[in-house]
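# Understanding the architecture of this molecule
If you want the building blocks of each chain, they are given just below.
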Amino acid sequence: MKIHEYQARELLRGAGIPVPPGRAISSAEEAAGAFAEATSGQRSPLAVVKAQVFAGGRGKAGFVKLVKSADEATQAARFMLSNRMKSPQTPPEGLEVRKLLVATAADIADRHGGGKDEFYLAITTDRKSRRNVLIASREGGVEIEEVAKRNPAAILKVPLHPLLGLQPFQARQVAFGLGLAGKLVNQAAAIMLALSRLYVEKDCTLAEINPLVISPDAAGERRVLALDAKFNFDDNATFRHPELAALADHSEDNPAEVRAAAFGLTYIALDGTIGCLVNGAGLAMATMDTIKLHGGEPANFLDVGGSATEEAVTEAFSIILADARVKGVLVNIFGGIMRCDVIAQGIVNAARGFKNRDGSTGFKVPLVVRLEGTNVEAGRALLDKARTDIPTMQAATDLADAARRVCAAVK
Ligand code: GDP
Ligand code: MN
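Analysis parameters
- Residues numbered from 1 in each chain as written.
- Chains lettered and ligands numbered in written order.
- Predicted model: local features only at pLDDT ≥ 70, side-chain atom pairs only at ≥ 80, totals over all residues.
- Heavy atoms only, no water.
- Domains from an automatic or database assignment.
- Helix = DSSP H or I, 4+ residues; strand = E, 2+ residues; numbered from the N terminus.
- Buried < 20%, exposed > 50% of the residue type's maximum accessible area, 1.4 Å probe, protein only.
- Polar contact = N/O pair within 3.5 Å; in protein donor to acceptor, adjacent residues only side chain to side chain.
- Contact = heavy atoms within 4.5 Å.
- Near = heavy atom within 4 Å.
- Areas by Shrake-Rupley, 256 points an atom, 1.4 Å probe, with all protein chains shown as cover.
- Nonpolar A, V, L, I, M, F, W, Y, C, P; charged D, E, K, R; others polar.

## Here we look at the domain arrangement of the protein
The domain boundaries assigned to the protein delineate domain 1 (1–19 + 107–252), domain 2 (21–105) and domain 3 (255–410). For domain 2 versus domain 3, the separation of C-alpha centres amounts to 45 Å.

Next up, the structure:
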């Protein structure tokens, strides 16, 4: 689960991490008022308007704008709310923007040798070392993946002890490693320690501040501030975080994925042409690999779970075929707890009674079925017999045969 930046900033603030004040709005009419609040008491008013979407790269896309007046704020808000945000992190058609953050703009200090004092800071889990790690870089503001490619030496990584977590001495070492000195060292270290506490307390899979900046306050005193934050939470732990579940925004969810979840199916939309219906996540991964090996592209990942009942298969078929790109379907089921003849009957019934989007009944696209397991012979016999009224159906002898058949069918 993800939350928006304006919510992430509240989490940081609650943990004692300094963040410029601001609030979320959902219409251009609210922009002037929010601008006035964000800039009250400033000699030369400056605020920042930021699109709230679940993707980064907003800065470069023009969806983070510094504004000097209520008029400019309103204009920026109107632009962002009526255009889709496109960046390397969004789908090609972009994302609709429904909310904006209007916040006090921070003045970012110039760095010795050019550029601005922007840093990257994150905590995540490193599967290789099987520990949480603190990641920090002097090259903040930009995407960390770019920095990792271009200049991996600019990234500091500190593995965290599983019981002790981030230690104050480690945080100070990282602060020195970022080139900080004086009071800024302890401020940055305190932010790192607070972020690592949040990471554990909230069951995060990612807690990221980018950029963390050095900003002179009104009196010219330099301090460390967080300007943007991103959190991912472990969905398996949301049951113990009602406070986070309340922050969820489902407006960007894939509707097919939501519908699948309601039926206990795990469905992830992809962009190929071969729909997959499989029982078991491991088998689903193997199925997708085998399709690719034979030159095809999977249209989705779909795990119907252990049971593969007629009801689940019917629902899965209609979710898969709701995607207009699907030109063929591969069903790959292992009959372990359930017998293959029962499953075959379920598939046949679901295919026979399938309601197409044009209102007609019966399965129209090529359907390749591979069954294996208990009573497989009886299952295959049932499929063979049903071919008379489901002419697009083929029974495969094994997974490679199934992949070959479905790839040939969609060519
Ligand atoms: P992202 O591009 O989607 O990650 O959005 P960010 O919130 O990280 O903003 C992108 C860039 O805009 C930052 O790296 C900064 O350079 C700039 N920016 C964002 N907020 C402020 C601010 O308050 N003041 C100034 N001067 N620049 C800002
Ligand atoms: Mn950012």
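## Section: the side chain of Asn-300
Within the fold, Asn-300 resides in strand S13 (residues 300–303). On the basis of relative accessible area, Asn-300 is assigned to the buried category, the value being 1%. Only 3.0 Å separates the side chain of Asn-300 from the backbone oxygen of Cys-276, close enough to count as a polar contact. Setting aside residues up to four positions removed in sequence, Asn-300 forms contacts with Tyr-267, Ile-268, Ala-269, Leu-270, Ile-274, Gly-275, Cys-276, Met-288 and Ile-320.

## Some details on the site of ligand 1
Close contacts around ligand 1 come from 17 residues, with Lys-50, Arg-58, Gly-59, Ala-106 and Glu-118 the closest. Lys-50 has a polar side-chain atom sitting 2.5 Å from an oxygen atom of ligand 1. Here Asp-228 contributes a side-chain N or O atom positioned 3.1 Å from an oxygen atom of ligand 1. The protein chains hide 83% of the 560 Å² of surface that ligand 1 would expose on its own. Contributions of two or more residues to the shell around ligand 1 are made by strand S2 (47–51), helix H3 (58–61), strand S3 (64–67) and strand S8 (204–216). Looking at the shell around ligand 1 residue by residue, the classes come out as eight nonpolar, five polar and four charged. The residues that make up the shell around ligand 1 include at least three from each of domain 1 (1–19 + 107–252) and domain 2 (21–105).

## Section: the environment of Ala-260
By the secondary structure assignment, Ala-260 is in helix H9 (residues 255–262). A residue is classified by how much of its surface remains accessible, and Ala-260, at 0% relative accessible area, is buried. Separated by 60 residues in the primary sequence, Ala-260 and Ile-320 place their C-alpha atoms 9.9 Å from one another. Discounting chain neighbours no more than four positions away, the residues touching Ala-260 are Leu-265, Tyr-267 and Ile-319.

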